[in-house]
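Here's the letter readout for the chains.
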Amino acid sequence: MSTEALRVPNIRDADPRTAVIDVDVHEQFQSVKELLPYLDDHWKRYIDQYGWAGMPKESPYGVPSTGGNTRLDWRPQGDQMRASTVDLLRQQLLEGEGVSLAILNGLFHVSSLSGWYEFAGALAGAYNDWQIEHWLDKEPRLRGSVHVVAHVPESAAREIDRVAAHPSIVQVFLPTVTDRQYGDPFYRPIFEAAARNDLVVALHHGSETRTVLGYPRYFVEWHSAIPHANQAQLTSLIFNGVFDSLPELKVVVLETGVTWVPHYMWRLDQQYRGLRLEVPWVKRLPSEHFRSNIRVATQPFDEISRVHFEQLIDMMGSDELIMISTDYPHFDADSPTKNLPAGLADDLVQKIRYFNALATYPRL
Amino acid sequence: MTKHALFSESELAPGEFRRVDVDGIGIVVLRTQAGALCALRDVCPHQGARLSNGRLEAAVDGDDVGHYELLADRAVMRCPWHGYEFDVFTGLCVADPTERVRAYPVGVEDGVVTLER
């Protein structure tokens, strides 16, 4: 693994008036066979001889958008997979949308495999090495994530320590699973490993993410309910003391929008005031933990007015919680420069597009 | 600040509390299990319930998930409505110190509980 990343220009030297840090970008491979060079011979056989073709898709849906699950003008010609090369990403996102720096989250949720953790772990390591060689070492405007098998926490922590040696790695990626609770002390080694390596932990849903109704009858129902699953995991983290034990840790909630935050803060605070004695290891109001440890990303951005957005910031009690995200290359990707309401103060826009990410990711 | 004589000290055993009226102000006077006398305004700042309709409990602390410690030297009055906890010595809401009830100085003189307000 190369440790010589191309880290010019330094994003902290960018012009805040134009800089955009996109915190949710999904690179992917053309085929899972791209991982073969990074797998041991034993595991290679499952792909090149035994027919393992990739992560199973658990949800039943197709996406009835103009380009399926891909923004139509980002669909490559022929059989090329969307977002599958650095050149495509440069042209469509960095140049096409004016993104200064993009944080990669992949689309390869090894933690969603409900068994066969040895293979999942091998896949995680292979994906991490592939991401570094094919993306991070090729484009200095990209930063990456460590993908881990969460359900084997000690092994996941070792993988975090290994991959964090690369200077372009800025976070640990955890899919928003709905059958396990990340606040359970069982998972603490993952968060401890992230914290000791100055990495953010990102939560992002996938096809494995159920709603409280399981998989509803229609995609629009499932996609509308994504915030619930992320809120449930955040609640688990807060009330199981993750942020009390790791006060420097940042958790970023992706593809969940931002308008739910005031309700969520108020709800947890109200519950905590009356039921604190059940969780005495939580030493601060949940809203205080949120403001110090949790960050959210804009996409999919609810279409609200400037006035409502300013009220939202006021209700959050901080203008440092929101960061820009596009969700490139998916069907509902937002423009990173046109998604916010017109007329917001320049300093607020610059925080959302740039400064808040700098403050969130210690390794940027 | 005026000192008010309330009732005989022997009328309040450890773990007991009672509501008194001082100049038209409702106050809950209590004795912790450890024997300390305390007094709080008898109105929860949340929605106005009488704390004297709630419970006097040992405060709970803990630093590790799943481990609880009952504190012998700290007690809380818990509101009967939503369970908010108020430190009997300071009146501060344990979960949210921005919420508080007024705490009054109390003492014993010649076997009588006194309160200053």
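What this report covers is the structure whose coordinates are included nearby. (Residues numbered from 1 in each chain as written. Chains lettered and ligands numbered in written order. Predicted model: local features only at pLDDT ≥ 70, side-chain atom pairs only at ≥ 80, totals over all residues. Heavy atoms only, no water.)

Let's shift gears to the sheet that holds strand 6 (residues 200–204) of chain A. Residue and element names in this part refer to chain A. Spatially, the eight strands line up as an open sheet ordered 1-3-4-5-6-7-8-9, and their pairing is parallel. A strand with exactly one partner marks an edge of an open sheet, and here the two such strands are strand 1 (21–25) and strand 9 (322–323). Sheet topology note: the strand 8 (residues 294–297)/strand 9 ladder contains two bridges and is parallel. Residue alanine 297 lies in a different strand from strand 9, and its bridge partner there is methionine 323. The strands touched by helix 4 (residues 153–163) within the sheet are strand 4 (142–147) and strand 5 (169–175), with strand 4 carrying the most contacts at an inclination of about 155°. (Pairing = 2+ DSSP bridges. Helix = DSSP H or I, 4+ residues; strand = E, 2+ residues; numbered from the N terminus. Contact = heavy atoms within 4.5 Å. Axes fitted to C-alpha atoms, helices over the stretch in contact; angles between N-to-C directions.)

We now examine the environment of Phe219(A). Residues and elements named next belong to chain A. Inspection of the secondary structure assignment puts phenylalanine 219 in helix 6 (residues 219–224). Sequence separation between phenylalanine 219 and serine 114 is 105 residues, and the spatial gap between their C-alpha atoms is 23 Å. Residues within four places of phenylalanine 219 in sequence aside, it is in contact with Tyr61, Gly62, Val63, Pro64 and Phe331.

What follows concerns the packing of aromatic side chains. This model, assessed by the stated rule, comprises 29 aromatic pairs over all chains. Between Trp260(A) and Phe290(A), the ring centres sit 6.0 Å apart and the planes meet at 65°, which makes this aromatic pair edge-to-face. Of the two residues, Trp260(A) is situated in the loop between strand 7 (251–253) and helix 9 (261–275) and Phe290(A) in helix 10 (residues 286–293); the sequence distance between them amounts to 30 residues. Look at Phe290(A) and you get buried, because its relative accessible area is 1%. Among the aromatic residues, ring-to-ring pairing joins Trp43(A), Tyr46(A), Tyr50(A), Trp52(A), Trp116(A) and Phe119(A) into one connected group. Against the face of Trp74(A) rests Arg71(A), its NZ or CZ located 3.6 Å from the ring centre. Over the ring of Phe7(B) we find Arg18(B); its NZ or CZ atom is 4.1 Å from the centre of that ring. (Phe/Tyr/Trp six-rings, centres within 6.5 Å; stacked < 30°, edge-to-face > 60°. Buried < 20%, exposed > 50% of the residue type's maximum accessible area, 1.4 Å probe, protein only. Lys NZ or Arg CZ within 6 Å of the ring centre and 35° of its normal.)

This part covers the nonpolar core. All names here are of chain A. Within the largest apolar cluster, 115 residues are counted, with the highest numbers of intra-cluster contacts made by Leu35, Leu123, Phe191, Leu234, Phe290 and Phe309. Broken down by element, the residue count for this core peaks at 11 residues, all from helix 3 (residues 117–136). Discounting residues that sit within four places of it in the chain, leucine 123 has contacts with Leu35, Leu39, Ile47, Trp52, Phe108, Val110 and Leu113. In this structure, Ile103, Ala202, Tyr361 and Leu364 belong to the second largest nonpolar core, which totals 18 residues. (Core = buried A, V, L, I, M, F, W, Y, C linked by side-chain atoms within 4.5 Å.)

Quick look at the pairing of strand 8 (residues 106–109) of chain B now. Residue and element names in this part refer to chain B. As defined by bridge partners, strand 8 adjoins strand 9 (residues 112–116) across four bridges and the pair is classed as antiparallel. Counted as the bridge partner of valine 108 is valine 113 from strand 9. Hairpin connection of strand 8 to strand 9: two residues between the antiparallel strands, including aspartate 110 at a positive phi of 55°.

The next thing to look at is the side chain of His205(A). Take His205(A): it is sitting in the loop between strand 6 and helix 6. Beyond its immediate chain neighbours, meaning those up to four positions away, His205(A) contacts His109(A), Thr176(A), Trp222(A), His223(A), Ile226(A) and Glu255(A).

Residues and elements named next belong to chain A. Listed in full, the buried residues belonging to helix 5 (residues 188–196) are Arg188, Pro189, Ile190, Phe191, Ala193 and Ala194. Buried residues along helix 5 sit against helix 4, strand 5, strand 6, helix 7 (226–239) and helix 8 (242–245). Downstream of helix 5 by a residue or two, aspartate 198 has a phi angle that is positive, lying close to 60°.

On to the layout of surface pockets. Residues and elements named next belong to chain A. There is about 820 Å³ of room inside the largest pocket. Taken together, 36 residues line the largest pocket, and the ones lying closest to its centre are Lys57, Asn69, Arg82, Leu107 and Ser207. For the lining of the largest pocket, the leading source of residues is helix 6, giving three residues. Partitioned by chemical class, the residues of the lining of the largest pocket number 14 nonpolar, 15 polar and seven charged. Lining the second largest pocket are 20 residues, with Val220, His223, Ser224, Pro300 and Asp332 sitting closest to its centre. Broken down by secondary-structure element, the contributors of at least two residues to the lining of the second largest pocket are helix 6 and helix 7. When residues in the lining of the second largest pocket are grouped by element, the largest group, four residues, is from helix 6. Looking at the lining of the second largest pocket residue by residue, the classes come out as 10 nonpolar, seven polar and three charged. (1 Å grid on protein atoms, 1.4 Å probe; cavity = no way out; pocket = protein on both sides within 12 Å on 5 of 7 lines; lining within 4 Å. Points joined across faces, edges and corners; volume = space filled by probe spheres on them. Nonpolar A, V, L, I, M, F, W, Y, C, P; charged D, E, K, R; others polar.)

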